[in-house]
Amino acid sequence: MRIAVLAGDGIGPEITAQAVRVLEALAGNGLALELEYGAVGGAGYDAAGDPLPAATLALCERADAILFGAVGAPRYDRLERALRPEQGLLRLRKHFDLFANLRPAVVYPELAHASTLRPDVVAGLDLLIIRELTSDIYFGKPRGVIVNEAGEREGYDTMRYTEGEIRRIAVTAFETARKRARRVCSVDKANVLETTQLWRDVVSEVHADYADVELSHMYVDNAAMQLIRNPRQFDVMVTGNMFGDILSDEASMLTGSIGMLPSASLNAKGYGLYEPIHGSAPDIAGKDLANPLGTILSTAMMLRYSLGQEQAAARVEGAVRAALRDGARSADIARDGEPTLGTVAMGDAVLARL
Ligand code: IPM
Ligand code: MG
C-alpha cells in the first residue's frame with residue numbers, strides 16, 4: 001500500500017512527521033506500507049511555482065491514499081488566488097472527487113475539562129459531521145471581483161448544488177448513520193437560500209430509502225447554537241461545503257482543541273485524503289508546540305477507510321487513548337499548570353503505547 005505524504009506548510013511538516021512515525025512503526029510490524037513524499041501548498045509554490053505541482057499530483061495518482069498536513073502562510077496571501085497554498089488542497093479534493101468529508105468530534109473522558117464548555121455539556125460526545133467537499137460556494141461559478149456600473153468594486157461568489165451532488169452525500173450520511181446511532185440532522189438555510197431548499201428536498205427524498213434512520217432538518221444558525229447548547233443531541237450532521245467548514249471548526253472546540261480532530265475525504269471508490277481539520281498555524285510553526293494527535297488519528301481513518309486495515313486503525317486509536325489516559329498533554333489540551341509535551345514528545349507517547 002502506497003501512501004502519498006504531503007506535509008505542506010506551517011506546522012504541517014511537524015505534525016505529519018509524527019503521523020509518519022506511527023505508520024512506519026506499523027510497517028515495521030508487518031503492514032506493507034510504502035511512503036512517498038510530495039510538496040504541496042506554499043511548499044509546492046516554492047518548489048515548483050504551483051501549490052499542486054504536477055509531480056505531486058502524479059504521486060497521488062499512483063498512491064492508495066494521501067496523508068495531508070496543512071497549507072497556508074501569510075507570506076503567500078498576496079499571490080494571485082490560483083497560486084495560493086489553499087488551492088493545492090482544493091484542487092486535490094476536486095481532482096479526486098473527494099466529495100465525502102467525515103469529521104468526527106469525539107470527547108475523550110480525560111479531555112472533557114479541556115473544552116471551553118462545561119464538562120457536563122460535552123462529556124461523552126460522539127458526533128460525526130459529514131461535509132460535502134467538492135461543490136457549493138467553494139467551487140460555484142461565476143465568481144470574481146468587478147467594477148460595477150456605479151464604479152464601485154463588487155465581489156460575488158455563487159452557491160450551487162446539483163441534485164446528484166446532494167443525493168450522493170445524503171446516501172453517505174444515511175449509510176454511515178446505520179453504523180452509528182441512526183440519526184441524521186441535515187443542516188441548511190432553506191428559509192432563505194434556494195440552493196439549500198433543494199438540499200432539504202433531495203435529502204428528504206433520499207431518506208425514503210432509509211426508514212430505519214431518523215432524519216431531522218435544522219437551519220445553520222440554529223445548528224451553530226445547538227452545537228453549543230446541547231451537542232449530544234446530534235449523531236450524524238450532514239451539510240454543504242461552507243456550512244460544514246464553519247460548523248466543524250465550532251464542533252472541534254467541544255472536544256477541547258481543534259488539534260484533536262482528524263478527517264477523511266473520500267470519493268466513491270474509497271480513495272481518500274486524510275488530514276487534521278486544523279490549519280497551518282504559522283504562529284506556532286517550528287516551535288515543537290503543535291498537537292499531532294489530529295494527524296495521527298487521521299492515519300487511523302486512512303487505515304480504516306482506504307486501506308481496509310481496521311485492526312491497525314483500532315491500534316492507533318487505542319494508543320492515542322492510552323496516551324491521554326496516562327496524562328500525555330500538549331499545550332492546547334493541558335489544564336493550567338499541568339506539564340505539557342511538545343509535538344515530538346507527544347509522538348513518543350503514542351508510539352510507546354502502540
Ligand atoms: C478546512 C480548511 C480548508 C477549507 C481551507 C484550508 C481551504 O479550512 O479543511 O476546513 O476551507 O476547506
Ligand atoms: Mg476549515
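Since the model is a prediction, treat every value here as computed from it, not as a measurement.

S.K.: Any details on the packing of helix α6 (residues 163-178) against helix α7 (residues 194-207)? Residues and values, ideally.
M.R.: The N-to-C vectors of α6 and α7 enclose an angle of 50 degrees; their axes lie 9 Å apart at closest approach. On the basis of the axis angle, α6 is oblique to α7. The hand of the α6/α7 crossing is right-handed. Contacts between α6 and α7 involve E163, I166, R167, I169, A170, V171 and F174 from the former and L198, W199, V202, V203, E205, V206 and H207 from the latter. A class-by-class count of the residues in the contact of α6 with α7 yields 10 nonpolar, 1 polar and 3 charged.

S.K.: Would you mind going over the domain arrangement of the protein chain in detail, with residue names and values included?
M.R.: Segmentation of the protein chain into domains returns domain 1 (1-99 + 267-354) and domain 2 (108-258). Look at where the C-alpha atoms of domain 1 and domain 2 centre, and you get two points 23 Å apart. With 18 residues of domain 1 in contact, the opposing surface of domain 2 contributes 21 residues. Carbon and sulfur atoms supply 63% of the area that domain 1 and domain 2 bury against each other, a total of about 1,900 Å² over both sides. Between the two partners, domain 1 and domain 2, sit 1 salt bridge. With a shortest N-O distance of 2.9 Å, D97 and R168 are connected by a salt bridge. Those elements that provide at least two residues to the side of domain 1 that touches domain 2 are α4 (85-95) and α11 (310-325).

S.K.: Describe the pattern of salt bridges, and please don't skip the residues or the numbers.
M.R.: Under the criterion given, the structure shown has 22 salt bridges. The shortest N-O distance in the salt bridge between D50 and R91 comes to 2.9 Å. Taken together, the residues D50 in the loop between α2 (42-48) and α3 (54-61) and R91 in helix α4 connect sequence positions 41 residues apart. Using a relative accessible area of 21% as the deciding quantity, one classes D50 as partly exposed. When the shortest N-O distance is used, the salt bridge between R304 and E310 registers 2.7 Å.

About the criteria used
- Residues numbered from 1 in each chain as written.
- Chains lettered and ligands numbered in written order.
- Predicted model: local features only at pLDDT ≥ 70, side-chain atom pairs only at ≥ 80, totals over all residues.
- Heavy atoms only, no water.
- Axes fitted to C-alpha atoms, helices over the stretch in contact; angles between N-to-C directions.
- Helix = DSSP H or I, 4+ residues; strand = E, 2+ residues; numbered from the N terminus.
- Parallel < 35°, antiparallel > 145°, perpendicular 65-115°, else oblique.
- Left-handed = near helix turned anticlockwise from the far one by under 90°.
- Contact = heavy atoms within 4.5 Å.
- Nonpolar A, V, L, I, M, F, W, Y, C, P; charged D, E, K, R; others polar.
- Domains from an automatic or database assignment.
- Buried area = accessible area lost by both parts, 1.4 Å probe.
- Salt bridge = Lys/Arg side-chain N within 4 Å of Asp/Glu carboxyl O.
- Buried < 20%, exposed > 50% of the residue type's maximum accessible area, 1.4 Å probe, protein only.

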